[in-house]
Amino acid sequence: MADFEDITGWQDELEAFEESEEGKAYFRQHLYDSERRLPFDVILELAGLMLKHKELRDAVRQRAEFRAFLKTRPDLTNDDDEFWEKNPLDASEKLEEFMAWYGSKTRVPFRDFPLSKAEELAIAVVAGDLVSLDYAEAKVFAEKTFYPHFIYREDGE
């Protein structure tokens, strides 16, 4: 398993991996792999990393703040200038790139959609909708919001 204590240089690592033949093959292999479900533990680990490392936690916080802003403006659409002025595009891009880097380090079947649920969990923690990433608590939250996309541990495991 990859060591995620020090993620310094992760963006450079991702860029180099994406340009390598191995990286191109990895992303191409999983691009259309929409049927495979990931273990929920993978999503929890990724969410934990997003909350652990300051640059990622800041991006998660920005995404959570934008969602809170959108709730106060239900009529706002992506056709409105204010939507784009408030939208933290850099934060979104950073989190997407980190998910790709995580996939490249762990070699989990990379698909943006299921891995992006780690961002959803991290946002829920930052927003206070989820107290922690405790497995049982996070599982209940996930089952309500995006259950079919993961393999959960059996009770008692």
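Right above here is the structure, for reference.
Residues numbered from 1 in each chain as written. Predicted model: local features only at pLDDT ≥ 70, side-chain atom pairs only at ≥ 80, totals over all residues. Heavy atoms only, no water.

1. Quick word on the packing of helix H3 (residues 40–52) against helix H4 (residues 54–72)
Move 1: Relative to each other, H3 and H4 sit at 100 degrees, their axes nearing to 5 Å. With respect to H4, the element H3 is oriented roughly perpendicular. Contacts between H3 and H4 involve Leu 49, Met 50, Leu 51 and Lys 52 from the first element and Lys 54, Leu 56, Arg 57 and Val 60 from the second.
Move 2: For the contact of H3 with H4, the per-class residue count stands at five nonpolar, no polar and three charged. (Axes fitted to C-alpha atoms, helices over the stretch in contact; angles between N-to-C directions. Helix = DSSP H or I, 4+ residues; strand = E, 2+ residues; numbered from the N terminus. Parallel < 35°, antiparallel > 145°, perpendicular 65-115°, else oblique. Contact = heavy atoms within 4.5 Å. Nonpolar A, V, L, I, M, F, W, Y, C, P; charged D, E, K, R; others polar.)

2. Observations regarding the pattern of salt bridges
Move 1: Inspection of the entire model under this criterion finds twelve salt bridges.
Move 2: For Lys 24, the salt bridge identified is with Glu 21, shortest N-O distance 3.8 Å. Of the two residues, Lys 24 and Glu 21 both sit in helix H2 (residues 21–30), three residues apart, roughly one turn of that helix.
Move 3: A salt bridge links Glu 82 to Arg 73; the nearest nitrogen and oxygen atoms lie 2.4 Å apart. (Salt bridge = Lys/Arg side-chain N within 4 Å of Asp/Glu carboxyl O.)

3. So, the packing of aromatic side chains
Geometrically, a pair of aromatic rings is defined through the distance of the ring centres and the angle of the planes.
Move 1: In total, this model carries 15 aromatic pairs according to the counting rule given.
Move 2: Geometrically, the ring pair formed by Phe 40 and Tyr 152 is tilted, given 4.8 Å between the ring centres and 45 degrees between the ring planes. One end of the pair, Phe 40, is in helix H3; the other, Tyr 152, is in the segment after strand E2 (150–151), and 112 residues separate them in sequence. Considered together, Phe 40 and Tyr 152 belong to a single accessibility category, that of buried residues.
Move 3: Taken together, the ring pairs connect Phe 4, Trp 10, Phe 98, Trp 101 and Tyr 102 into an aromatic cluster.
Move 4: Against the face of Tyr 135 rests Arg 153, its NZ or CZ located 3.7 Å from the ring centre. (Phe/Tyr/Trp six-rings, centres within 6.5 Å; stacked < 30°, edge-to-face > 60°. Buried < 20%, exposed > 50% of the residue type's maximum accessible area, 1.4 Å probe, protein only. Lys NZ or Arg CZ within 6 Å of the ring centre and 35° of its normal.)

Limitation: the analysis is restricted to geometry and does not speak to function.
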